[in-house]
Amino acid sequence: MGFETVLYNWTLLSTKNVSFECFFSANRIRNIAVYGCDKLGELMYSEVKKYGVNVKFAVDRSKDWFYDLPVIRPDQLADIAGEVDCVIICIGMSAAVEFEICCFLDHLQTPSIYLDEIVTACFFKELLLPLCEKKDLYPYILNLPIYKNLQRLDYSEKVIASIKYDQAVQKGNPPYFEELYAGITEYGPVYIKNVCSFPASAPYKGTMMLLDMQTPYANIAGGMRVNPFIPDTFCKTIHILGHCSTYGLGVDDTRTVAAQLQRKLNAENESADIRVLNRGQVGMDMGNPMFILNAIEYLNDQKGDILIVIVDVTMDSHRMSGAVERMLNDRRQVYHCLREHFDAKREKPAYVDGWHLSPHGMELTADYIHEILLRDDMLSDEQTLISANNNYVYAEEIIAKAPREGICASADAEATHADTTQEDDAALAHYLQKLSELKPLPGQTAGAIVMNCNPFTKGHRHLIERAAREVGRLYIFVVQEDKSEFPFETRMEMVKAGVRDIENATCLPSGKYVLSAMTFPEYFSKDTIRDVTVDCSLDITIFADKIAPCLNITKRFVGKEPFDPVTRQYNGAMKDILPAHGIEVVEYERFEIDGTAVSASDVRKLLADGRLEEVRRLVPDTTYCLIAGTTATDSSFAHTACPPCTY
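Below you will find a few notes about this structure. Bear in mind that the values here come from a model prediction, so they are computed numbers and not experimental data.

### Let's talk about the overall build of the chain
Here comes step 1: Looking only at helices and strands, one finds 23 helices and 23 strands in the chain.
Here comes step 2: Counting over 647 residues, the chain shows a buried share of 57%.
Here comes step 3: Taking all contacts inside the chain whose residues are at least 6 apart in sequence as the whole, residues at least 24 apart take part in 75%.
Here comes step 4: Accessible surface, the chain: about 27800 Å² in total, of which carbon and sulfur atoms supply 49%.

See below:
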């Protein structure tokens, strides 16, 4: 994983009170060396000292100091053999850096492990497994090998391992595909175009959902890749979760991992009557813990169902032999690395490039799943059979609709799911209807600003003044989530009082659909994920598709963001998404006092220090009076009533 992904995942663990202590204690690690003295190394050093792990050395090729530790060069690692239990590699990986590290570690006796492996292992142990226990799911974590780490690679396989997917597929049909697809009678240009194209998907409640599609060889229904071999009745479900190779990128519906596993179950275990649902996603970063957790949270499962999570983290390739297994397999074998299985059973190339499985690779994966389920006696439970009529229901929309199950698991579960969907739809419909009652007059242009106003500053006021001059009606959406220092009611009162003299301004609560914990949860943890890349497309898309049409909004106004990287990313995403929906993004320079941009966070710091007079310079009188508990005397804020807000 890269630096930002590792840091983001680590931050998510921290917000859920998960530390690395469980990993180190499970593996009896007491003395370590930290490889890499930049940000990740500093964080690791601070983290492990909290629970008694001794950092004895720092390893870096360019730094000369790291706190009070002796710093050694990578080529000196052999000198510390026996003095540390483990070398923790705290560097965001690139191909060049990984090659350099491997050159030094290949002959090192001391175990080593990458930080991202520790992050992933702690996520599985402390978050995923407890969630499965809560939902009565039997989990398996399957780690696909990295192609270049397999044994017995011949020359053609080494070439394939170095190829990128877009080079291999999207720019043509390379000659070596004939070997990979040998025996598939449908193989040809149309086949490759259908099965190797990325399907459309959209973010939903912190995870991703595929949009339905129909082609001759690759089909999606109800947000899932079609498994054509699902039986008419079943008593148990196997949910297979993962990314591109789980989805079946590169093969038709009959040759995905889920379909091949289903075919084996149908042939060899007829009495079991088990269905397999393909919950693979394309473009879903399975290295993101919250994507996986949210996907599991919304499963329409029943007691005794099986969950298989397929990942391709780097746990299989390094010297920390057994560390992850010891941590995760304390009660039963949950974690499985497929490298040895691929080495032993591979008869031809298992990948189409360095990462994506070939048809043979998917067959090997399905075979392994079948083997471990048989070994663990997971296919013989007798339960009441459930009808699987109307197997797939095509989804009409993605936004604001709960993802439907590919097949109804039970009448009760489907009814509950339908009720939730209806509640969500009804709430959104009510919100939109209220908005439509406040439409601008015929011929009036309309614009919007979304603000948290924690608290309302002169910077906010300046942005509203400029925007109000550009449109006939300006809608100010005040973030309604109560996740700020100032509660929503106070912030709304500040904004209303601060814009009473702007006759064409209308204040509105944002509800659950504009900059909320449901549409963009990262916004409310900005201070802890400043260096993380965020996905805010769901929030912006809902605004474009649902909110803006209700009020005829054609402009959205923002201030440039010099301080907050999360808000800066949000502004950039608006510029990418909104113009395609006919909405212009207008960005103004931030309002400055004495050459410094006014910031609500600065106001909060001053308030915390009790420096009220300095606060007064940065906020309107109306805000200051609300904060200080005094009465406004400036008559300019009293002569015009704020436009009605009926929520």
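### What to know about the packing of helix α11 (residues 257-268) against helix α15 (residues 359-375)
Here comes step 1: Close contact between α11 and α15 brings their axes to 8 Å; oriented N to C, the two are set at 45°. With respect to α15, the element α11 is oriented oblique. The chirality of how α11 crosses α15 is right-handed. Seen from α11, the contacting residues are Val257, Gln260, Leu261, Lys264, Leu265 and Glu268; seen from α15, they are Pro359, Met362, Glu363, Thr365, Ala366, Asp367, Ile369 and His370.
Here comes step 2: Taken together, the residues of the contact of α11 with α15 sort by class into 7 nonpolar, 3 polar and 4 charged.

### Brief notes about the pattern of salt bridges
Here comes step 1: Going through the model one piece at a time under the given rule, you end up with 21 salt bridges.
Here comes step 2: Here arginine 73 ties to aspartate 64 by a salt bridge, and the two come within 2.8 Å at their closest N and O atoms.
Here comes step 3: The exposure class of arginine 73 is partly exposed, given its relative accessible area of 27%.
Here comes step 4: Judged by relative accessible area, aspartate 64 falls into the exposed class, the value being 63%.
Here comes step 5: Salt bridges sharing partners connect three or more residues here, namely Glu157, Asp343 and Arg346.

### Here we look at the pairing of strand β18 (residues 473-478)
Within a regular strand, side chains alternate between the sheet's two faces.
Here comes step 1: For β18, the tally of buried residues reaches 6 of 6 residues, placing the bulk of the element in the interior.
Here comes step 2: In this structure, strand β17 (residues 446-451) lies alongside β18, joined through 6 bridges in parallel fashion. Considered in β18, the bridge of methionine 451 is made with valine 478.
Here comes step 3: For the crossover from β17 across helix α17 (residues 458-468) to β18, the handedness is right-handed.
Here comes step 4: By the bridge criterion, 5 bridges tie β18 to strand β19 (residues 505-509) in an arrangement that is parallel. Its bridge partner being in β19, phenylalanine 477 is matched across the sheet by leucine 508.
Here comes step 5: On the question of chirality, the crossover connecting β18 to the parallel β19 by way of helix α18 (residues 488-498) is right-handed.

### Here we look at the sheet that holds β19
Here comes step 1: One open sheet accounts for 5 strands, arranged β19-β18-β17-β20-β21; its pairing is parallel. Where the open sheet ends on each side, the last strands, each with one partner, are β19 and β21 (584-588). Across the sheet, the mean angle from the axis of one strand to that of its neighbour is 25°, orientation sign disregarded.
Here comes step 2: Here α17 sits on the sheet in contact with β17, β18, β20 (553-559) and β21, set at roughly 170° to β17.
Here comes step 3: The strands that α18 touches are β18 and β19; relative to β19, the one it contacts most, it runs at about 175°.

So, how was this worked out
- Residues numbered from 1 in each chain as written.
- Predicted model: local features only at pLDDT ≥ 70, side-chain atom pairs only at ≥ 80, totals over all residues.
- Heavy atoms only, no water.
- Helix = DSSP H or I, 4+ residues; strand = E, 2+ residues; numbered from the N terminus.
- Buried < 20%, exposed > 50% of the residue type's maximum accessible area, 1.4 Å probe, protein only.
- Contact = heavy atoms within 4.5 Å.
- Areas by Shrake-Rupley, 256 points an atom, 1.4 Å probe, with all protein chains shown as cover.
- Axes fitted to C-alpha atoms, helices over the stretch in contact; angles between N-to-C directions.
- Parallel < 35°, antiparallel > 145°, perpendicular 65-115°, else oblique.
- Left-handed = near helix turned anticlockwise from the far one by under 90°.
- Nonpolar A, V, L, I, M, F, W, Y, C, P; charged D, E, K, R; others polar.
- Salt bridge = Lys/Arg side-chain N within 4 Å of Asp/Glu carboxyl O.
- Pairing = 2+ DSSP bridges.
- Right-handed = clockwise from strand over helix to strand, strands pointing away.

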